[in-house]
Every structure is written in structure tokens, then in C-alpha cells.
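# Structural overview
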Amino acid sequence: MAATPHRLTPHHPTPHHPTPLLPPLTPPDDLAENAPGTALRPRTDESAAGPVTRALARILGRPADGDSWRRGAEGGRRVGAELDRLRRHGWHVLHSIPLPGDVDLDHLLIGPGGVFSINTKNHPGKPVWVGDDAVKVDNGDPRPYARTSRSEAERVQRVLGHYCGFPVPVEPVLVFVGITDLKVEATQLKVRVYREREVSALAPLTGIWTPAQVTRIHSVARHRRAWLEA
């Protein structure tokens, strides 16, 4: 069951200072062609374990080198495929946006119903519990997934507002892949929580941005240079 927080309504005042300009978009700086999991590919290649090593790790019940990166990349691909289906409903989707500090934003969804930063977590065969400020996988130790998702959304909001010249509210979304159960027990959670197939619930949202505003936000978000100091 997905959590549905209060939706933000953006305001569009006339800016009181000149809006910073990005340089003309060139192919190397265009993030629109990024495939899901692009940022993780070098890490999975560098840490790739051979078949014998992976088999031994499975027998011993231990993760092989690079397993977490591979799960992350696979989760990104699966959620990315679901998000790409929303394009026919007027949405723009960006994948694997590189941020300073050797991190990346898994996905960014931009359309008539708002802007959503999407954090993907792949926990195959595990149940997940979500509280107001913590997530537990298979009843394990609390993980800061919700806080991280909110922090990412705030980061995206600053960048888009800076270059668009008007405030751009961004909602955080946490998507779990491959899990056996999702239980959301929260009263003040400000993050949308879905299983991978449930992101289609975002498709019919509308009434937040005009087509011109969607185009403007997307033109900023797809520009690699916009994120250099995010």
C-alpha cells in the first residue's frame, strides 16, 4: 500500500533577479539519453566477481564483491522501464543523474502533475516495513531511506529553482524492487512509497504545471552542467 502525502502546490512569482543561464546544450551534456543505472556501470564492471567466486559466496551465504552495485543497477533498470511507460502520458523521465560527491539520482520524473525525485531500492525476496523516519528490511536494523529521499528532493528543488527562475517543488519517491511485502505504518511520512509496478499511479496526476513550464523544467534538468554544484 503506497503512502500518499500532502501534495505541494507551486507558486510562480516573477523572479526579482536575473535567472542564471546554462550554456547551449551539447550531446555530451545531455542527460536525456542516459539509461537507467548508467552511473553504476563502472562500479559493477570493476567489482565483477567470476562465476566460481559468486557460487562460493552463495554457498557460504555471503555477498560477492559488487553484489550491492549489481542489485542497485538491476533495480534502476526495472523501475526505469516502468517510468518510461509514463512518457505517453506527457511525462519526461531522466535516469542516473550524476551529482557531486560520486553519487547519482536514480530517476527524475517531470510532467503536468509535478516533479518527483525517485530513489530505487532493490531487496529481492525480502519484506519491507516503512515508518515515519526509518525503513526496516526483513526486520533488520533501521535504514535512513526516507531521510535520504527527502534530502535528494531538496537538492533537486534547489537546482531546478535556481535555473528555472521560479520555485519548483519536488516530491521524494521511494520505490522498492523485488520485495515480498510492503507495509507502510506512518502518520507523518513525506515520501511517496511504492513497489516498482505501482509507480504508474503517478501517470494521471495533472494540474500542477503547464506544458511550457514542463518544457522549461525538463530543459534545465537534462543539462549536466546544472548539477555540477548541486
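So, here is what we can say about the structure in this document. (Residues numbered from 1 in each chain as written. Predicted model: local features only at pLDDT ≥ 70, side-chain atom pairs only at ≥ 80, totals over all residues. Heavy atoms only, no water.)

Right, let's talk about the sheet that holds strand 3 (residues 114-122) for a bit. With mixed pairing, the five strands of this open sheet are ordered in space as 1-2-3-6-8. Single-partner strands in this sheet number two, and they are strand 1 (92-99) and strand 8 (192-195). Sheet twist, expressed as the mean angle between neighbouring strand axes with direction ignored, is 30°. Looking at chain direction, strand 1 and strand 2 (residues 103-111) are connected through seven bridges and run antiparallel. Looking across to strand 2, one finds that His95 is bridged to His107. Together, strand 1, strand 2, strand 3 and strand 6 (171-177) form the strand contacts of helix 4 (residues 145-164), whose direction differs from that of strand 3 by roughly 145°. Across the sheet, helix 5 (residues 211-221) touches strand 1, strand 2 and strand 3, and the angle it forms with strand 2 is around 165°. (Pairing = 2+ DSSP bridges. Helix = DSSP H or I, 4+ residues; strand = E, 2+ residues; numbered from the N terminus. Axes fitted to C-alpha atoms, helices over the stretch in contact; angles between N-to-C directions. Contact = heavy atoms within 4.5 Å.)

All right, on to the pattern of salt bridges then. Under the counting rule described, the total for this entry stands at eleven salt bridges. With its nearest N and O atoms 3.1 Å apart, the salt bridge here joins Arg77 to Glu74. Of the two residues, Arg77 and Glu74 are both situated in helix 3 (residues 67-84); the distance of three residues between them amounts to about one turn of the helix. Accessibility expressed as a relative area gives 42% for Arg77, which makes it partly exposed. Counted as one network, the salt bridges with shared partners bring together Glu82, Arg85 and Arg197. (Salt bridge = Lys/Arg side-chain N within 4 Å of Asp/Glu carboxyl O. Buried < 20%, exposed > 50% of the residue type's maximum accessible area, 1.4 Å probe, protein only.)

It is worth spelling out the sheet that holds strand 7 (residues 181-184) at this point. Here three strands make up an open sheet; going across it, the order is 5-4-7 and the pairing mixed. Two strands lie at the open edges of the sheet, namely strand 5 (135-137) and strand 7, each paired on one side alone. Across the sheet, the axes of successive neighbouring strands diverge by a mean angle of 10°, strand direction being ignored. In the sheet, strand 4 (residues 127-130) pairs with strand 7 via four bridges, with the strands oriented parallel. Across the sheet, Pro127 pairs through a bridge with Asp181, a residue of strand 7.

One non-glycine residue, Ser96, adopts positive backbone phi at about 50°. With respect to the secondary-structure elements, Ser96 resides in strand 1. Although it is not a glycine, Asp102 adopts a positive phi angle of roughly 60°. For Asp102, the location among the structural elements is in the loop between strand 1 and strand 2.

Moving on, we get to helix 4. The terminal C-alpha atoms of helix 4 lie 28 Å apart, and with 20 residues this matches the ideal 28 Å at 1.5 Å per residue to within 8%. Buried residues along helix 4 sit in contact with strand 2, strand 3, strand 5, strand 6 and helix 5. The positive-phi residue at the C-terminal boundary of helix 4 is Gly165, with phi of around 85°. (Expected span 1.5 Å × (residues − 1).)

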